[in-house]
Amino acid sequence: QGFSSLADALDAFPDARFNIDIKSAAAIAPTVAAIREARAVDRVLIGSFSPERRLAVVRQLPGVATSISSRGAVAAVAVARAPGGRATVRRILRDVQAVQFPLSMLRMSTLTPRTIAAFHDAGVEIHAWTVNDEATMVRLLDLGVDGLVTDRADLAMAVLAARS
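Residues numbered from 1 in each chain as written. Predicted model: local features only at pLDDT ≥ 70, side-chain atom pairs only at ≥ 80, totals over all residues. Heavy atoms only, no water.

The subject of this paragraph is unusual backbone geometry. Residue arginine 39 is not a glycine yet carries a positive backbone phi of 50 degrees. Here arginine 39 is to be found in the loop between α2 (28–37) and β2 (44–47). (Helix = DSSP H or I, 4+ residues; strand = E, 2+ residues; numbered from the N terminus.)

Take a look at the structure:
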């Protein structure tokens, strides 16, 4: 069954965690309202390609988890790939709880042992998207990725069940 709104989904799944991507400025107010009404600040993570949209929501929801926007993610990956960049990575990521990105950006591999170690050292989770094949899911989990964004929840559940 589909849901007509974020409020409906938050209400229907009171124990679920939600990864919310703010796609437009018009989504800011209703997203904030739905999260507040559901008292769901502690179970959502706010992200957006737009730092302005992401920060507009984060400022209105004290304590909400957030992931870095794409510009910050590109900078963090570039610095993390360089020797001695961990202090700078920590500074770039100081106000976020997660980084979320694809396997590569601007022809740079994002999820290498070095970048994963630098992000974990900065105290953030790493979420990879969009991962739709079992072999890549296993490889990324083995590397230490904390979360997978996928269109194939059936495969992800099977991979996780096999690992437990």
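Inspection of every chain in the model, using the stated rule, returns 6 salt bridges. The residue lysine 23 makes a salt bridge to aspartate 21 at a minimum N-O spacing of 3.0 Å. By relative accessible area, lysine 23 is classed as exposed at 58%. Judged by relative accessible area, aspartate 21 falls into the partly exposed class, the value being 32%. (Salt bridge = Lys/Arg side-chain N within 4 Å of Asp/Glu carboxyl O. Buried < 20%, exposed > 50% of the residue type's maximum accessible area, 1.4 Å probe, protein only.)

The strand order β4-β7-β8 describes an open sheet built from 3 strands, whose pairing is parallel. The sheet is open, and its two borders are formed by β4 (98–101) and β8 (147–148), each paired with just one other strand. As paired elements, strand β7 (residues 125–128) and β8 share 2 bridges and run parallel to each other. In the strand pairing of β8, histidine 127 is matched with glycine 147. (Pairing = 2+ DSSP bridges.)

On to the nonpolar core. Core analysis: the biggest nonpolar cluster contains 27 residues, and Leu93, Val99, Phe101, Leu111, Phe119, Ile126 and Val145 have the highest contact counts within it. Those elements that place two or more of their residues in this core are α4 (70–81), β4, α6 (113–121), β7, α7 (134–143) and α8 (153–163). With 4 residues, the single largest contributor to this core is α4. When neighbours within four sequence positions are excluded, valine 99 is seen to be in contact with Ile68, Leu93, Phe119, Val124, Glu125, Ile126 and His127. (Core = buried A, V, L, I, M, F, W, Y, C linked by side-chain atoms within 4.5 Å. Contact = heavy atoms within 4.5 Å.)

The predicted model of the protein chain averages 94 in pLDDT, with 98% of residues at 70 or higher. Mean pLDDT in the protein chain bottoms out at strand β6 (residues 108–109), which sits at 82, and peaks at α2, which reaches 98. (pLDDT = per-residue confidence, 0-100.)

The next thing to look at is the pairing of β4. Side-chain alternation along β4 places Ala98 and Gln100 on one buried face and Val99 and Phe101 on a second face that is also buried. Where β4 and β7 come together, 4 bridges link them in parallel fashion. Opposite glutamine 100, over in β7, you have histidine 127 as the bridge partner.

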